[in-house]
Amino acid sequence: MSREDRDVPPHHTATDSSGADPTAADSSAAEVASPERPRDPLVIRDLAFLGGMAVKGGWRPDSSLPEVAFIGRSNVGKSSLLNLLVRRKAFARVSRTPGRTQEVNFFQVNQDFILVDLPGYGYAKVSKTKRHSWQPLIEGYMRMTTQLRGIVLLLDIRRDPNAEDLAMLDYLADLEVPTLVVITKVDKVGTAERRARLDAIVRAIAVDEGQVISSSAHTGAGRDELATAVAELVTQPAWRREPAP
Ligand SMILES: Nc1nc2c(ncn2[C@@H]2O[C@H](COP(=O)(O)OP(=O)(O)OP(=O)(O)O)[C@@H](O)[C@H]2O)c(=O)[nH]1
Ligand SMILES: [Mg+2]
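The text that follows walks through the structure, step by step, so that each part is easy to find. (Residues numbered from 1 in each chain as written. Chains lettered and ligands numbered in written order. Predicted model: local features only at pLDDT ≥ 70, side-chain atom pairs only at ≥ 80, totals over all residues.)

## Quick look at unusual backbone geometry
Generally, phi is negative for residues other than glycine and the peptide bonds are trans, each holding for most cases. The phi angle at arginine 87 is positive, at roughly 60 degrees, despite the residue not being glycine. Mapped onto the elements, arginine 87 comes out in the loop between helix H2 (78-86) and strand S3 (104-109). (Helix = DSSP H or I, 4+ residues; strand = E, 2+ residues; numbered from the N terminus.)

The structure is reproduced here in structure tokens:
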């Protein structure tokens, strides 16, 4: 029986608990509770998909639990990283077709907090009308939430941050919402090249390297570091208590 099986009630194991645990090899960031097994900074006991907000100002969960939202360019790996964090293969939908996540999706973790999977920005091939409706959806979510504790902004290790990434970082900085940067898909570049790519990205976005986590949904790298950061974020006071005017 894997660790994943033990952490989860039986009704959640049917679709995605088979196969190897991709995070098993990554124990570097975890605190060691016993000599045999690293302590998991975020034990997943229960997960629930609460629903999606499809239009600006539309449905959102009637819950006062803390929220942490994942944001980034289309195809950067938001849904994959969310799955890695909660140790499920297909909890948030992952697709080869960029533009798959077209709603604001809400996932409850344990009885503790909500992870929010935001639609990707900047995928040019999505029809103009559809693309146009995404930014209001992101802004609509940001306006309405009074539970947000922080944003996880994702950047692909192979790409220099583009104008939209920088605009998003500016937007978040203006809102003064705590923002954690996660570099995704580090398995896609060789170890020799990795350092240079990370340096280039950190320089381009002008953030402290201590705010940046490297990750791979394929190898599980960075999972526990992200889990620690998210667990810490949800203990913070709400970023804003009233909806924006
Ligand atoms: N090699 C590798 N591929 C990844 C990684 N993370 C995601 N991918 C792949 O990248 C593609 C997009 O991943 P998603 O998780 O759907 O990306 P997303 O940001 O949610 O995309 P949208 O919902 O369209 O905005 C999929 O084919 C994933 O399998 C990673 O760490 N390593
Ligand atoms: Mg997605």
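## A word on the environment of serine 64
By the secondary structure assignment, serine 64 is in the loop between strand S1 (47-53) and strand S2 (67-72). Residues serine 64 and threonine 146 lie 82 residues apart in sequence; the distance between their C-alpha atoms is 8.2 Å.

## Regarding the sheet that holds strand S6 (residues 179-184)
The strand order across the open sheet formed by 7 strands is S1-S3-S4-S2-S5-S6-S7, and the pairing between neighbours is mixed. Every interior strand has two partners, whereas the edge strands, S1 and strand S7 (212-214), have only one. Going across the sheet, the axis of each strand differs from the next one's by a mean of 25 degrees, ignoring polarity. Alignment of strand S5 (residues 148-156) against S6, held across 6 bridges, turns out to be parallel. The partner of leucine 154 across the bridge, within S6, is valine 182. Running at roughly 165 degrees to S5, helix H5 (residues 163-175) makes contact with S2, S5 and S6 of the sheet. Each of S2, S5, S6 and S7 touches helix H7 (residues 223-233); the most contacted strand, S7, lies at about 145 degrees to it. (Pairing = 2+ DSSP bridges. Axes fitted to C-alpha atoms, helices over the stretch in contact; angles between N-to-C directions. Contact = placed C-beta atoms within 7 Å.)

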